[in-house]
Protein chains: 2
Amino acid sequence: MGKDTVYASVDLGGTKVACAFGTADGEIRARRSVATESHRGPAGVLERIAGLVNGLAAESGLRPAAVGMGVPGLADIRRGVTRFLPNLPTQWRDVPVSATLAPRVGCPVHILNDVRMATLGELTGRARASGGRGRGTLAFFALGTGIGGGVAIDGRLRLGPLGAAGELGHQTIVPDGPRCGCGNRGCLETLASGPAIAAKGVWLLLSGRAPQLYEIVAGDAGRVTPREMALAAEAGDDAVREELVRAAGYLGIAVANVIVVLHPDLVVLGGGVAAIGPLLFDTVRATVRERVHMFPPDDVRIEPSLLGDHAGTLGGIVLASMGGLTD
Amino acid sequence: MGKDTVYASVDLGGTKVACAFGTADGEIRARRSVATESHRGPAGVLERIAGLVNGLAAESGLRPAAVGMGVPGLADIRRGVTRFLPNLPTQWRDVPVSATLAPRVGCPVHILNDVRMATLGELTGRARASGGRGRGTLAFFALGTGIGGGVAIDGRLRLGPLGAAGELGHQTIVPDGPRCGCGNRGCLETLASGPAIAAKGVWLLLSGRAPQLYEIVAGDAGRVTPREMALAAEAGDDAVREELVRAAGYLGIAVANVIVVLHPDLVVLGGGVAAIGPLLFDTVRATVRERVHMFPPDDVRIEPSLLGDHAGTLGGIVLASMGGLTD
């Protein structure tokens, strides 16, 4: 494929679908989003995605050579079939996404878990920023409504036979902890996801123990997110700070465990919860220092995402340009 | 190197040093062990190892082209220097093993953590048994006095820059658990190593709650190991069985965590504690089934070591024949 070949990145989310066209070196040529309208079910949503890609092609005059598509959950990447998308309300189990979309958009469609796709983008973006060395070992935690993850070893995304490796949010951190959506107990996701943290904020708000938070959200429990809690902690709500530190400490244990197993160069903490900022990063780093004794833990950098929301876009384009990934 | 080139494997343990000469395809030509006599300190022990290798060479008429040596702890594999060997009583910190030994044995000496070396051997042995396909992803738990580990991704041992990746025994399993020798709290090693399990047996023995165990060890607490506890459980000591299941359950959590992060083909449980047998393996498998929901957990085989004690020997020969490993 030539330097000017254009690829499409599609990111299927619970509320919107984002599409971008770009070249393999990451130059974005066109982009557009639409609402997912997930109530239409898989057939209706896939129809919308085909329309989105074809509409953007017509508008831009560009024809993508392949599509790299991120899906919010588990997919059998070899068959291009979704397995379980927990954040989409209708049943997306065993939907043949690649086979359905490819004929409608006129090119191959490669699917991958959205966070693994973002990990691929982050890895590529960092390799380019550092002058092309892309052999790093990286663990990517995407801290949002759920906690997704991705792992790359020596520059290569670790997928496993189904593309399901890298589920960093489903490590057991507290053996008898809360029941997780996945069926397990005490997964990191039950302790440090956006909803898990917000629930602690709501609890403190409703107990009258978070006066600053009360002010910030004007008494509206529905507006509490980790970001408002970080502001409240900074403004003096010690009980809120304590809950943020507790959640970040659990995240720190998960990070420490990945570090002793893989000794990566880099751990990236991305997603909305990372907006807590220094309190989160400092606590995670302190926990790692406390728990990792196999090597100087400061060897391993713990950083925010370099590309932010753009990681998924770049990852999709890279995925498409590679002709999909297999284990 | 020709097919008949001979390499040496050396395994430095707390009580003995084992040496074997063999060809790259794993055919053993000569072997001998000596007591470590660790009270002599690093210089004295390295002298003994040089004598062992040179003595075996003289006896067999073979000259190894290189030595692959396993050390019980952490080593900087690039520099050939030990960092921390917790089971050797004298101070082995920063001992230049490769530089000291190589001139005395007349060939290069490559060092590696002993369990990573056994992982390399297990991987090689399994690849050969299955007709040469060695691309598997494997996690090796060595359950002994400590809990060591090794991880291979797509047939390649994951080492990290210092050869310290794969420390599966130092994952935090119980955040506020017992203090570990490494400095952390609640490491798997504090919950499921030989001494951790034996201590529970001793407790039950001394409390008069383990009549079968009492009989098996003739009332001698010093003779309690996980193996005797397994016999006692089988003979009807329910309290002993419960403690074995509890320890195996913690191991199951560590195995489940490695599985969701890496989705390996295979998890190997080796070392003396694996002698507990079916009760250990069944409990680990049940825990994994309970906790892993990202893919059918039965995809991942959980098995005893194929090579047993021979894994380290073969690993050393492979390490030597590869001219050492780097990340």
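Conventions we followed
Residues numbered from 1 in each chain as written. Chains lettered and ligands numbered in written order. Predicted model: local features only at pLDDT ≥ 70, side-chain atom pairs only at ≥ 80, totals over all residues. Helix = DSSP H or I, 4+ residues; strand = E, 2+ residues; numbered from the N terminus. Rg over C-alpha atoms; globule rule 2.2 N^0.38 Å. Buried ≥ 20, exposed ≤ 12 C-beta atoms within 10 Å, placed from the backbone. Contact = placed C-beta atoms within 7 Å. Pairing = 2+ DSSP bridges. Axes fitted to C-alpha atoms, helices over the stretch in contact; angles between N-to-C directions. pLDDT = per-residue confidence, 0-100. Parallel < 35°, antiparallel > 145°, perpendicular 65-115°, else oblique. Nonpolar A, V, L, I, M, F, W, Y, C, P; charged D, E, K, R; others polar. Least-squares fit on C-alpha atoms with pLDDT ≥ 70 in both. Left-handed = near helix turned anticlockwise from the far one by under 90°. Right-handed = clockwise from strand over helix to strand, strands pointing away. Expected span 1.5 Å × (residues − 1).

Enquirer: Sorry if this is basic, but what is going on with the overall build of chain A here?
Expert: When its secondary structure is counted, chain A shows ten helices and twelve strands. On C-alpha atoms alone, chain A measures out to a radius of gyration of 20 Å, which is about the 20 Å that the 2.2 N^0.38 rule sets for 327 residues. Referenced to the eigenvectors of the C-alpha coordinate spread, the extents of chain A come out at roughly 55 × 45 × 35 Å. Counting across all 327 residues of chain A, residues that qualify as buried make up 54%. Long-range contacts, defined as pairs at least 24 residues apart, comprise 62% of the intrachain contacts of chain A with a sequence gap of at least 6.

Enquirer: Would you take a moment to explain the sheet that holds strand S10 (residues 156–157) of chain B for this structure?
Expert: Either a parallel or an antiparallel arrangement is found when strands of a sheet pair, and the pairing is made through backbone hydrogen bonds. All names here are of chain B. Read from one edge of the open sheet, five strands run S10-S9-S8-S11-S12, paired in mixed fashion. In this open sheet, the two strands that pair with only one neighbour each are S10 and strand S12 (301–304). Where strand S9 (residues 147–153) meets S10, two bridges bridge the pair, whose relative direction is antiparallel. When the sheet's bridge partners are listed, alanine 152 is paired in S10 with leucine 157. Those strands touched by helix H3 (residues 114–129) are strand S8 (138–143), S9, S10 and strand S11 (266–270), and its axis lies near 45° from that of S9.

Enquirer: I keep staring at the sheet that holds strand S8 (residues 138–143) of chain A and nothing clicks. Help me out?
Expert: On the basis of which strands lie adjacent, the open sheet formed by five strands has the order S10-S9-S8-S11-S12 (chain A) and mixed pairing. The two strands at the open ends of the sheet, each matched to only one other strand, are strand S10 (156–157) and strand S12 (301–304) of chain A.

Enquirer: Is there a simple way to explain the confidence of the model for chain A in this structure?
Expert: Parts of the prediction with low pLDDT should not have their coordinates interpreted in detail. Considering every residue of chain A, the mean pLDDT works out to 94; 98% of them sit at 70 or more. Here the predicted complex carries an ipTM of 0.93, next to a pTM of 0.94.

Enquirer: Could you clarify how one ought to interpret the packing of H3(B) against helix H10 (residues 310–321) of chain B in this entry?
Expert: Residue and element names in this part refer to chain B. Packing of H3 against H10 leaves a shortest axis separation of 7 Å and a crossing angle of 90°. Of the possible angle classes, the one that applies to H3 and H10 is roughly perpendicular. Taking contact as the criterion, the partners of Asp114, Met117, Ala118, Thr119, Leu120, Gly121, Glu122, Thr124 and Gly125 in H3 are, on H10, Ala311, Gly312, Thr313, Leu314, Gly315, Gly316, Val318 and Leu319. Of the residues that constitute the contact of H3 with H10, the class distribution is seven nonpolar, eight polar and two charged.

Enquirer: Whenever I open this one, the relation of the copies chain A and chain B confuses me. Can you help?
Expert: Each copy of the chain is related to the other by a rotation around an axis and a translation along that axis. It takes a turn of 180° to lay chain A on chain B, together with a shift of 0.0 Å along the axis; the resulting RMSD is 0.0 Å. The operation mapping one copy onto its partner corresponds to a two-fold rotation axis. When the interface residues of chain A are mapped onto chain B, 100% of them again fall at the interface, so both copies present the same face.

Enquirer: I keep staring at the interface of chain A and chain B and nothing clicks. Help me out?
Expert: How big an interface is tends to be reported as the loss of accessible area on association of its parts. In this complex, chain A contributes 31 residues to the contact, which on the side of chain B involves 32 residues. Of all the secondary structure elements, the ones that give two or more residues to the side of chain A that touches chain B are strand S9 (147–153) and helix H8 (238–262) of chain A. Sort the elements by how many residues they give to the side of chain A that touches chain B and H8(A) lands first, with seven residues. Each residue belonging to the side of chain A that touches chain B can be placed in one class, and the counts come to 18 nonpolar, ten polar and three charged.

Enquirer: What is the right way to read the packing of helix H8 (residues 238–262) of chain B against helix H9 (residues 278–291) of chain B from this model?
Expert: What describes two packed helices is the angle between their axes and the distance between those same axes. All names here are of chain B. Contact geometry for H8 and H9: axes closest at 8 Å, N-to-C directions at 50°. Considering the angle they form, H8 stands oblique to H9. The way H8 lies across H9 gives a crossing that is right-handed. Contact residues: Leu244, Val245, Ala248, Gly249, Leu251, Gly252, Ile253, Val255, Ala256 and Ile259 in H8; Leu279, Leu280, Thr283, Val284, Thr287, Val288 and Arg291 in H9. For the contact of H8 with H9, the class distribution of residues is twelve nonpolar, four polar and one charged.

Enquirer: Help me out: how do you make sense of the pairing of S11(B) in this one?
Expert: The two faces of the sheet receive side chains in turn, since in a regular strand these alternate between them. Residues and elements named next belong to chain B. Of all the five residues making up S11, four are buried; the element is thus mostly covered by neighbouring parts of the structure. As paired strands, S8 and S11 are joined by five bridges and run parallel to one another. Directly across from phenylalanine 141, in S11, lies its bridge partner leucine 269. Chirality of the crossover, the property in question, places the unit of S11, H9 and S12 among those that are right-handed.

Enquirer: Just to check I follow, could you spell out the pairing of strand S2 (residues 16–23) of chain A for this structure?
Expert: All names here are of chain A. With seven bridges connecting them, strand S1 (residues 6–12) and S2 associate as antiparallel partners. Its bridge partner lying in S2, valine 10 is registered against cysteine 19. As consecutive antiparallel partners, S1 and S2 are separated by three residues. In terms of strand pairing, S2 meets strand S3 (residues 28–35) through seven bridges, oriented antiparallel. Looking at S3, one finds that valine 17 is bridged to valine 34. The hairpin turn running from S2 into S3, its antiparallel successor, is four residues long, and glycine 26 in that turn takes a positive phi close to 95°.

Enquirer: How should the environment of B:Gly44 be read in this particular structure?
Expert: Turning to its location among the elements, B:Gly44 is positioned in helix H1 (residues 41–60). The spacing of B:Gly44 and B:Pro211 is 167 residues in sequence and 46 Å in space, taken between C-alpha atoms.

Enquirer: I tried to follow the environment of B:Arg83 on my own but got confused; where do I start?
Expert: All names here are of chain B. Position of arginine 83 relative to the elements: it lies in strand S6 (residues 81–84). The spacing of arginine 83 and proline 96 is 13 residues in sequence and 9.5 Å in space, taken between C-alpha atoms. If we ignore the near neighbours within four places in the chain, the residues touching arginine 83 are Leu74, Ala75, Asp76, Arg93 and Asp94.

Enquirer: Hey, could you run me through helix H5 (residues 194–206) of chain B in this one?
Expert: Residues spaced three or four apart along an α-helix face the same direction, because each turn holds 3.6 residues. Residue and element names in this part refer to chain B. Compared with the 18 Å implied by 1.5 Å per residue over 13 residues, the 18 Å span of H5 between its first and last C-alpha is a close match. Every buried residue of H5 is listed here: Gly194, Ala196, Ile197, Ala198, Lys200, Gly201, Leu204 and Leu205. Just past H5, the residue glycine 208 takes up positive phi, approximately 75°.

Enquirer: Help me understand helix H7 (residues 226–234) of chain B in this model?
Expert: Residue and element names in this part refer to chain B. By the burial criterion, the buried members of H7 are Pro226, Glu228, Met229, Ala230, Ala232 and Ala233. In this fold, the buried residues of H7 make contact with H5, helix H6 (211–216), H8 and H9. Downstream of H7 by one or two residues, glycine 236 has phi in the positive range, about 120°.

Enquirer: Even after reading the chapter, I still don't get the environment of A:Thr5, so can you show me in this structure?
Expert: Residue and element names in this part refer to chain A. Here threonine 5 shows up in the segment before S1. Judged by C-beta crowding, with 15 C-beta atoms within 10 Å, threonine 5 ranks as partly exposed. For threonine 5 and proline 86, which are 81 residues apart along the polypeptide, the C-alpha to C-alpha distance reads 34 Å. For threonine 5, the contacting residues outside a window of four places in its chain are Thr23, Ala24 and Ala65.

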